[in-house]
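Given next are the chains, with one letter for each unit.
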Amino acid sequence: ARFYNGTDLNDDGESHDDWGFCIYPRTGSGFNDAWIPELMYSTWATTDQTRGIQEGFLFDEETLDPNIGTGFEKAMNYWKDLWPLSADACITSTFVEGRCAIGIAPPGCWKSVFVNTDEGGVAWRDRTNGDWGPVLRDENGEALWRPTFKDGTYAEPYRLKPFGSLEVIDRETDTLVECGPNTCPKGEKIKPSNELPEDDRANRLVDSPHVGKWINRVPFYWSGGYGQGIRKSANSEVKDFMFEFFSYVNSPITSVDDIVMPSWLDDWRYSQLASYERNYQKGGWNYDAWNEHQRVMKYALSNDVNSALTLQLPGVLMYTRDVMLDQFQKYVSGESDMETVKEETIKGWNEATLVYGKINQLDSYRATLGLNELSTYQKCTLHRQEMDAIDPAICKEATDNSTTIIIVLCSLVGAGILALVLYFFYKRYKSFQAIKKAHEQLMESTLNEATRCLQQLDYPLHLIRADEFVNDKQLTQHEVMRNSHRLTVLDNIKDVDAFVLAGKHVVFFSHQWTAFNHPDPGNLQYNFMVSALRELAKEKGWNEDLKDIFVWVDYSCIPQANASVQNLAIRSLAVYASSATYFIVCAPDTHHTDLNDVCDLSTYQRRMWCRAEQVCHSLRNGTGGMFLAKGKPGAFEFSPVQSDFFTESLRVFHGELTCCRCEHKGMEMCDRQSLVVPILGLYGELLRAAHDGFKTGGDVSAVNAFLSEVQKHQDDVFPEKFNRVMWRKNKRVVEEVVLFGDLIERMRERIKKGTMFVAGERGFGTESTKSSDFLRHGKNDFIRHGSLPEEAEGNGKGEDVA
């Protein structure tokens, strides 16, 4: 198509309107635009369906999960390349005027092409008043032009076998592998031209460069055909008329003879294809046209071929027109990238499935493939939630029946010692597999949560208006603030963004607790916070009434009484910190009430929570809005943070924690474990920013420099394990607990494969991972200055080394 596009195909001296590929439907065909995605489906099927019609390719036949993966991506890329090389093949005269090298369309489009082909009429007809008019002849009645072979004989358009792919999808790994006897059991070898039948005109062509390779051809049955019915409420005359019409359509004269004429009645029966003289010759087809057509049709209709069906589900237009057509057009035009298209297609198809009921759609999909319904037990195992929504008693009964069967089987197995031993080892094996599967699911779930946590709030962002914060005279517990309705609540990311865009300033206070059960018993830190707010307002020229400033401080804005809800807020810590427009470190010189130790800036920097808050804010916003409030009572100091302030910050998980100091008495887990998800998500976004920047040619040198530094010290930044001290039954226990494990490697692999997307509140997946908008409020000086100790030596000029 690319070779012939824009060349003079019909020798009329013009090439600008000659095309490499002509298709139908193409955008502008009206209602039939809904068929456009089926062009892509026909290509997609060649990689994803290899074992016959019952395998299918659109959905998983047990889970009904959309098979949107590598094969889908390959098909979409083919059609994106083909689209600018193509014109309409059916509702215009482009093809019959000889201006198309290749054509693809439903059979009905082509029947008019073959009429009067013994006269060589196909490519020398013209259009009159928008219709295909008379043939163009000279004064002697000879064709002015027609396609010919090199020997001058007329070249009838050649009916190709359905196209195929030399590579197919390995469904276990979603990777492309070479087609062969094992990977393509329905495939065939590409033959040299001299092995084709004598009456196949393709035997005069040069050999394909792929001769001897296996190809997976997939005849694709698109559009689903038409159904006919008579409405019960119609009047008797209409019913009689429609019955006569149906009788006419199905009569021998129509179903055998009229199918060769230009109409939408197509030849799908062996009897319709059987005889050239019976119908095709009368219809104006020459022998070559009929012979090649019937050969391909009989091949496509045979039982052994790898035929594929288009989507045939209730609500098919929701899937194909409303979702897939929209995404196809956006991708072909360059409006959307592949990851967005895949995410939106999966989301849209799943939503369409929910509208019609997942179990109903699953049954329908399996029926179209010729598969039996899943058993009740299988449905309850794979789709328990959906089955319970239909009738909770169904799965309960199936489970009870399954339990009874297991008891009977175990009783039979118990008949012999050997059987018991075998059963024991079998159970051990299954247990191992179950543990392995559970571990994989846990890892994937953690990665999904990490990706999602930066795009949505597991717990709303609670803020205190600065003037009310100043009037409180102390830090007030969250529950008290909540019950007195003095908190501003932002439920999702959109609300946060809109809040900031409306001119509101969000100030995030980061500080250390100076008692085990209270953040600031001496009120010194609170007083420094108030002074810092006033200094910041003065420096920025804000109104002194502070009503456009909103404060986030942990004790007042995170639940303190309910550990479960508190953990939800902790999961959103990265979003809280990154959403703030200003970040103030509050670290005055004071005393820890319970330990009688000095608390100052150095002890602040050793605290894990303090390090985490710094990292979450600065990696998304830079350090331009970060300030330091320190000093002694009566000697308040306020200044921007310095570049060397972050030297130890990245070693978040080596920071000190109160829970560890108390050896986790009465606790189920360490606070370190709560921070894995947000920190992992933040790292994933950095990786994604670098990856997107590399693909788009953006400047991500600073991000790459930072990531390179992190990788050198990965064990320090992301410890795989840590030793946790716990008390159980009044005994002190030291245990090794997995922290990050192999999550970092898994996240890198996700980014590499482009599968980091998880739907977020904005509706575009992880949209902030794009390198262009990764940084939210400021320049990311942290990436430049916040390198770890023992950093790689530069070039002697102070430049960053990636």
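Up top is the structure these notes are about.
From a predicted model like this one, the values you see are computed outputs, not experimental measurements.

Rules behind the numbers
- Residues numbered from 1 in each chain as written.
- Predicted model: local features only at pLDDT ≥ 70, side-chain atom pairs only at ≥ 80, totals over all residues.
- Heavy atoms only, no water.
- Phe/Tyr/Trp six-rings, centres within 6.5 Å; stacked < 30°, edge-to-face > 60°.
- Helix = DSSP H or I, 4+ residues; strand = E, 2+ residues; numbered from the N terminus.
- Buried < 20%, exposed > 50% of the residue type's maximum accessible area, 1.4 Å probe, protein only.
- Disulfide = S-S within 2.5 Å.
- Expected span 1.5 Å × (residues − 1).
- Axes fitted to C-alpha atoms, helices over the stretch in contact; angles between N-to-C directions.
- Parallel < 35°, antiparallel > 145°, perpendicular 65-115°, else oblique.
- Contact = heavy atoms within 4.5 Å.
- Nonpolar A, V, L, I, M, F, W, Y, C, P; charged D, E, K, R; others polar.
- Patch = residues over 30% accessible without salt bridge, like charges linked within 9 Å, V, L, I, M, F, W, Y side chains within 5 Å.
- Areas by Shrake-Rupley, 256 points an atom, 1.4 Å probe, with all protein chains shown as cover.
- Salt bridge = Lys/Arg side-chain N within 4 Å of Asp/Glu carboxyl O.
- Lys, Arg positive; Asp, Glu negative; His and termini not counted.
- Charge placed at Lys NZ, Arg CZ, Asp CG, Glu CD.
- Core = buried A, V, L, I, M, F, W, Y, C linked by side-chain atoms within 4.5 Å.
- Pairing = 2+ DSSP bridges.
- 1 Å grid on protein atoms, 1.4 Å probe; cavity = no way out; pocket = protein on both sides within 12 Å on 5 of 7 lines; lining within 4 Å.
- Points joined across faces, edges and corners; volume = space filled by probe spheres on them.
- Polar contact = N/O pair within 3.5 Å; in protein donor to acceptor, adjacent residues only side chain to side chain.

A.B. asks: Break down the packing of aromatic side chains for me, with residues and values.
C.D. replies: If you walk through the whole model with that rule in mind, you get 33 aromatic pairs. Between the aromatic rings of Tyr41 and Trp44, the centroid separation amounts to 6.1 Å while the plane-to-plane angle is 55°, which identifies the pairing as tilted. Linking Tyr41 with Trp44, this pair stays in helix 1 (residues 36-48), spanning three residues, or about one helical turn. Residue class for Tyr41 comes out buried when judged on its relative accessible area of 0%. Given the relative accessible area of 0%, Trp44 is considered buried. Their ring planes at 75° and their centres at 4.9 Å tell us that Phe499 and Phe550 sit as a pair that is edge-to-face. With Phe499 in helix 18 (residues 493-501) and Phe550 in strand 16 (residues 549-552), this residue pair connects regions lying 51 residues apart in the sequence. Using a relative accessible area of 14% as the deciding quantity, one classes Phe499 as buried. For Phe550, a relative accessible area of 6% corresponds to the buried category. Taken together, the ring pairs connect Tyr41, Trp44, Phe57, Phe59, Phe72, Phe220, Tyr319, Trp349 and Tyr365 into an aromatic cluster.

A.B. asks: A description of the state of the cysteines should follow, citing residues and the corresponding values.
C.D. replies: Two cysteines whose sulfur atoms are joined by a covalent bond form what is called a disulfide. Tallied over the entire structure, the rule returns three disulfides. Residue pairing for Cys22: its cysteine sulfur links by disulfide to Cys100, the two sulfurs lying 1.9 Å apart. An S-S torsion of about -70° defines the bridge between Cys22 and Cys100 as left-handed. Here Cys100 lies in strand 3 (residues 100-104) and Cys22 lies in strand 1 (residues 19-23), a separation of 78 residues in the sequence. By relative accessible area, which is 0% here, Cys22 ends up buried. Across the disulfide, Cys380 is cross-linked to Cys395 (sulfur-sulfur distance 2.1 Å). In this structure, the disulfide formed by Cys380 and Cys395 twists by about -95° around the S-S bond and is classed as left-handed. One end of the pair, Cys380, is in helix 12 (residues 376-382); the other, Cys395, is in helix 14 (residues 392-413), with 15 residues separating them in the sequence. By the burial criterion, Cys380 is buried, and Cys395 matches it.

A.B. asks: Account for helix 15 (residues 417-453), with residues named and values stated.
C.D. replies: The terminal C-alpha atoms of helix 15, which comprises 37 residues, lie 52 Å apart, in line with the 54 Å expected from a rise of 1.5 Å per residue. Buried within helix 15 we find Met443, Thr446, Leu447, Ala450, Thr451 and Cys453.

A.B. asks: Describe the packing of helix 9 (residues 316-332) against helix 10 (residues 338-356), naming the residues involved and giving the relevant values.
C.D. replies: Where helix 9 contacts helix 10, the two axes come as close as 9 Å, and the packing angle between them is 170°. By the angle between their axes, helix 9 is roughly antiparallel relative to helix 10. Listed contacts from helix 10 to Met318, Tyr319, Val323, Met324, Gln327 and Tyr331 of helix 9 are Met338, Thr340, Val341, Glu344, Thr345, Gly348, Trp349, Ala352, Thr353, Val355 and Tyr356. Split by residue class, the contact of helix 9 with helix 10 holds eleven nonpolar, five polar and one charged.

A.B. asks: I'd like to hear about a negative patch on the surface, residue by residue, with values.
C.D. replies: The grouping of Asp8, Asp11, Asp12 and Glu14 at the surface amounts to a negative patch. Topologically, Asp8 is positioned in the segment before strand 1.

A.B. asks: Which residues make up the nonpolar core, and what values do they have?
C.D. replies: Counting residues in each nonpolar core, the largest one holds 102 residues, and the members touching the most others are Phe469, Phe509, Trp552, Ile584 and Phe740. Residue contributions to this core peak at ten residues, all from helix 26 (residues 671-696). Each residue touching Phe740, except ones within four places of it in the same chain, is listed here: Phe653, Val676, Ile679, Leu680, Phe718, Pro719 and Glu720. Counting 40 residues, the second-largest nonpolar core is a separate cluster that includes Leu39, Phe72, Tyr331 and Leu374.

A.B. asks: Which residues make up the sheet that holds strand 21 (residues 635-640), and what values do they have?
C.D. replies: Taken together, seven strands build an open sheet; the order of strands is 14-13-16-15-17-20-21 and the sheet is mixed. Strand pairing shows two members of the sheet lacking a second neighbour, strand 14 (488-490) and strand 21, which therefore form its edges. Shown here is a sheet whose adjacent strand axes are inclined to one another by a mean of 30°, direction ignored. Most of the contacts of helix 18 go to strand 14, to which it runs at about 125°, and overall it touches strand 13 (461-465), strand 14, strand 15 (505-510) and strand 16. The strands touched by helix 24 (residues 608-621) within the sheet are strand 15, strand 16, strand 17 (582-588) and strand 20 (626-632), with strand 17 carrying the most contacts at an inclination of about 160°.

A.B. asks: Explain empty space enclosed by the protein to me, and be specific about the residues and the numbers.
C.D. replies: A complete count under the given rule lists three cavities of 30 Å³ or more for this structure. The calculated volume of the largest cavity comes to roughly 90 Å³. In terms of lining, the largest cavity is formed by Val615, Leu619, Leu650, Val652, Ile679, Leu682, Tyr683, Leu686, Phe706, Val710, Val717 and Phe718. Where the lining of the largest cavity is concerned, the elements lending two or more residues are helix 24, helix 26 and helix 27 (701-712). Lining the second largest cavity are 13 residues; nearest its centre among them are Leu58, Leu309, Thr310, Tyr365 and Leu369. When residues of the lining of the second largest cavity are traced back to their parent elements, those giving at least two are strand 12 (308-309) and helix 11 (358-368). For the lining of the second largest cavity, the per-class residue count stands at eight nonpolar, five polar and no charged.

A.B. asks: How would you explain the sheet that holds strand 3 if you had to name every residue and give the values?
C.D. replies: A sheet is described by the order of its strands in space; here three strands give the open sequence 2-1-3, paired in parallel fashion. Edge positions in the open sheet fall to strand 2 (86-88) and strand 3, since each of these has one partner strand only. The mean inter-strand angle of the sheet, taken between neighbouring strand axes irrespective of direction, is 30°.

A.B. asks: Requested: an account of the side chain of Glu735, with residues and values cited.
C.D. replies: Here Glu735 is to be found in strand 23 (residues 731-738). Contact partners of Glu735, with chain neighbours within four places excluded, come to Phe722, Asn723, Arg724, Met726 and Arg728.

A.B. asks: Before we move on, can you summarise the environment of Asp554 with the specific residues and values?
C.D. replies: Within the element layout of this structure, Asp554 appears in helix 20 (residues 554-557). Considered as a pair, Asp554 and Pro519 are 35 residues apart in the sequence and their alpha carbons are 8.9 Å apart. Look past the residues within four positions of Asp554 in its chain and what remains in contact with it is His511, Trp513 and Gln560. Of the polar contacts made by the side chain of Asp554, one reaches the side chain of Trp513; its length is 3.0 Å.

A.B. asks: Account for unusual backbone geometry, with residues named and values stated.
C.D. replies: The backbone of Asp11 shows a phi angle near 60°, a positive value even though the residue is not glycine. At His485, a residue that is not glycine, the phi angle is positive and equals roughly 60°. Mapped onto the fold, His485 is located in the loop between helix 17 (478-483) and strand 14.

A.B. asks: Could you give me a rundown of the pairing of strand 21, with the residues and numbers involved?
C.D. replies: Two strands pair when backbone bridges link them, and strand 20 and strand 21 are joined in this way by six bridges, in the antiparallel orientation. Opposite Lys632, over in strand 21, you have Ala635 as the bridge partner. The hairpin formed by strand 20 and strand 21 contains two residues between the paired strands, and Gly634 there has a positive phi angle of roughly 85°.

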